[in-house]
Each structure stands twice: as C-alpha cells, then as structure tokens.
Amino acid sequence: QVQLVESGGGLVQAGGSLKLSCQASGRIFSINSMGWYRQAPGKQRELVAMITKDGTTNYADVVKGRFIISRDNARNTVGLEMNSLQPEDTAVYYCAADAWTVIVPDKWYWGQGNQVTVAS
C-alpha cells in the first residue's frame, strides 16, 4: 500500500503564489509518473500537471507558463509551484502517483486532497 500525504495550499489573493508538496510512503518499489489533479465545485476532476520518472512534464493548457511541477525521485516527493493564481484556479488539488510496490504492480494512488482558494 502507498500513502500520499499532501501539504501546502490555502488562501491567496489573485496574482499570488502557493506551493503544494506531496510525499509518497509505503513499501514502494518504483514510482513511474507523479502528478496533480484538481476538482472545482460542480466540475469533474482534471489533470493539472504530470511528471515522469525521467523528468518529462505535461501541463494542462490553462496552467502552462504559470505552474511548475517538480519531483525528487530519491525522496518520492512531487511539488507544484503555482504562480499568477486566478480565482478559476480555486479547487481541491489531489496528488497522484503511479507506483509499483512489492505486492501490487502498477497502480494509481491518490492523496487526500488539499484546498486552494484564490480570492479576487
């Protein structure tokens, strides 16, 4: 089993910045991709950014140029630096990881979610 614990987030004024962090723990053999999703009230969960083990990144068009995803493979952590935040970025942000454990191969795990609120 893999646990993802998120930190960061909170309330910020429009134009401000926040950083999210996520720590994966458990009997992890390997983690392929790690990333962030978000879900705003009344909307479906959507991909924000993803990073592979070799550092290849993928961003949703609406966050390109504003958000930066990073990863520390040795520590099994992933971060999301969010800049120029806008009210439409308000959502619950979820960390996700595609991990192999010593028991379960290739499964996606999710964090508990962290609220990000951008005030106008």
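Above this note sits the structure.
We now turn to the structure provided with this report. Keep in mind that what you see is a predicted model, and the values were worked out from it rather than measured.

Things to note about the nonpolar core
Phase 1: Grouped together as the largest cluster of nonpolar side chains are 32 residues, with contacts concentrated most on Trp36, Leu80, Met82 and Tyr93.
Phase 2: Listed by contribution, the elements that provide at least two residues to this core are strand 1 (2-8), strand 3 (18-26), strand 4 (28-39), strand 5 (46-51), strand 7 (67-72), strand 8 (77-82), strand 9 (91-101) and strand 11 (114-119).
Phase 3: Counting residues per element, this core draws most heavily on strand 9, which supplies five residues.

Structural notes on the pairing of strand 9
Phase 1: Buried residues dominate strand 9, accounting for nine of its 11 residues.
Phase 2: Two elements, strand 4 and strand 9, share nine bridges in a ladder whose sense is antiparallel. Within strand 9, the residue paired with isoleucine 28 across the bridge is threonine 101.
Phase 3: Looking at chain direction, strand 9 and strand 11 are connected through three bridges and run antiparallel.

Notes on the side chain of serine 30
Phase 1: Here serine 30 shows up in strand 4.
Phase 2: Polar contacts involving the side chain of serine 30 include one to the side chain of lysine 53, which spans 3.1 Å.
Phase 3: Among all residues touching serine 30, those that are not within four sequence positions of it are Lys53, Asp98, Ala99 and Trp100.

Focus on the sheet that holds strand 3
Phase 1: In space, the four strands of this open sheet follow the order 1-3-8-7, with antiparallel pairing throughout. Edge positions in the sheet fall to strand 1 and strand 7, since each of these pairs with one other strand and no more. Across this sheet, the average inter-strand angle for adjacent strands is 15°, counted without regard to direction.
Phase 2: Two elements, strand 7 and strand 8, share six bridges in a ladder whose sense is antiparallel. Looking across to strand 8, one finds that serine 70 is bridged to glycine 79.

Thresholds applied
- Residues numbered from 1 in each chain as written.
- Predicted model: local features only at pLDDT ≥ 70, side-chain atom pairs only at ≥ 80, totals over all residues.
- Heavy atoms only, no water.
- Core = buried A, V, L, I, M, F, W, Y, C linked by side-chain atoms within 4.5 Å.
- Buried < 20%, exposed > 50% of the residue type's maximum accessible area, 1.4 Å probe, protein only.
- Helix = DSSP H or I, 4+ residues; strand = E, 2+ residues; numbered from the N terminus.
- Pairing = 2+ DSSP bridges.
- Polar contact = N/O pair within 3.5 Å; in protein donor to acceptor, adjacent residues only side chain to side chain.
- Contact = heavy atoms within 4.5 Å.
- Axes fitted to C-alpha atoms, helices over the stretch in contact; angles between N-to-C directions.

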